[in-house]
Amino acid sequence: FPVTIQRRNEDFLLVPLYIIFLMHDNALSLRGMAIWIVVGVLAWTLIEYCVHRFFHDAYPFQEHHRRPNDLVGTPPWMTFSATAGAWIFLWFLATPDIASALTSGLLIGYLVYSEIHMQLHHHDTQNFAAFGIRAALQRHHDSHHRGGKSNFGVSTTLWDHVFRTKS
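What counts, and at which threshold
- Residues numbered from 1 in each chain as written.
- Predicted model: local features only at pLDDT ≥ 70, side-chain atom pairs only at ≥ 80, totals over all residues.
- Heavy atoms only, no water.
- pLDDT = per-residue confidence, 0-100.
- Contact = heavy atoms within 4.5 Å.
- Axes fitted to C-alpha atoms, helices over the stretch in contact; angles between N-to-C directions.
- Helix = DSSP H or I, 4+ residues; strand = E, 2+ residues; numbered from the N terminus.
- Parallel < 35°, antiparallel > 145°, perpendicular 65-115°, else oblique.
- Left-handed = near helix turned anticlockwise from the far one by under 90°.
- Nonpolar A, V, L, I, M, F, W, Y, C, P; charged D, E, K, R; others polar.
- 1 Å grid on protein atoms, 1.4 Å probe; cavity = no way out; pocket = protein on both sides within 12 Å on 5 of 7 lines; lining within 4 Å.
- Points joined across faces, edges and corners; volume = space filled by probe spheres on them.

> How should the confidence of the model for the protein be read in this particular structure?
Regions with low pLDDT carry predicted coordinates that are not meant to be interpreted in detail. On average, residues of the protein score 82 in pLDDT, and 68% of them are at 70 or above. Note that residues 1-5 has pLDDT below 50 and, in this model, 19 contacts with residues that lie over four places away or in other chains.

> Would you mind showing me how to read the packing of helix H1 (residues 11-23) against helix H4 (residues 76-93) here?
The relative placement of two packed helices comes down to the angle between their axes together with the axis-to-axis distance. Viewed as axis vectors pointing N to C, H1 and H4 meet at an angle of 25°, and their least axial separation amounts to 10 Å. Here H1 is positioned roughly parallel relative to H4, judged by the angle of their axes. Pair H1 / H4 crosses with right-handed handedness. Listed contacts from H4 to Asp11, Leu14, Val15, Tyr18 and Leu22 of H1 are Pro76, Thr79, Phe80, Thr83 and Trp87. Partitioning the contact of H1 with H4 into residue classes produces seven nonpolar, two polar and one charged.

> Would you take a moment to explain the layout of surface pockets for this structure?
Which parts of space are left empty comes out when a probe the size of a water molecule is rolled across the atoms. The volume enclosed by the second largest pocket comes to roughly 170 Å³. What lines the second largest pocket is Tyr18, Phe21, Leu22, Phe80, Thr83, Ala84, Trp87 and Ile88. When residues of the lining of the second largest pocket are traced back to their parent elements, those giving at least two are H1 and H4. Among the elements that take part in the lining of the second largest pocket, H4 stands out by supplying five residues, more than any other. When its residues are assigned to classes, the lining of the second largest pocket shows seven nonpolar, one polar and no charged.

Here it is as structure tokens:
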């Protein structure tokens with residue numbers, strides 16, 4: 001898992017373009033698209049939790065925990081590869097239109113996670129506090145960084161409650 005130290009995250013430019021490409025000719029109804037996108041966002045939160053919990057001691061997470069104030073991000077080629085891989089995998093399980101909507105939901109979840117995580121570490125309170133959840137997520141995430149044995153969710157505490165890893 002290569003990571004880069006960066007000042008900006010190209011994903012905030014590229015991921016919306018991927019979503020437009022995936023959804024531009026989708027034959028699902030608006031309601032169908034919305035449902036599959038929401039399922040994709042929820043799936044992202046579970047993936048985020050599982051990766052953080054079960055690969056916690058892998059290189060990128062160790063680096064992040066050693067230097068939590070560094071600007072660490074995913075290289076654009078890796079986001080593109082993961083997007084293509086997710087779409088292909090989902091295409092085998094469903095129709096191309098459902099795969100596109102699910103992948104778009106995963107990407108939206110990823111962008112939300114990326115923004116929340118950056119805000120939690122870099123405290124841009126003027127933008128983030130408006131959501132009214134900053135303080136709870138900040139305590140949750142700070143607790144994780146103090147011990148690393150609980151509080152694995154970043155964009156939501158849902159899975160920490162479900163799997164009883166909330167401290």
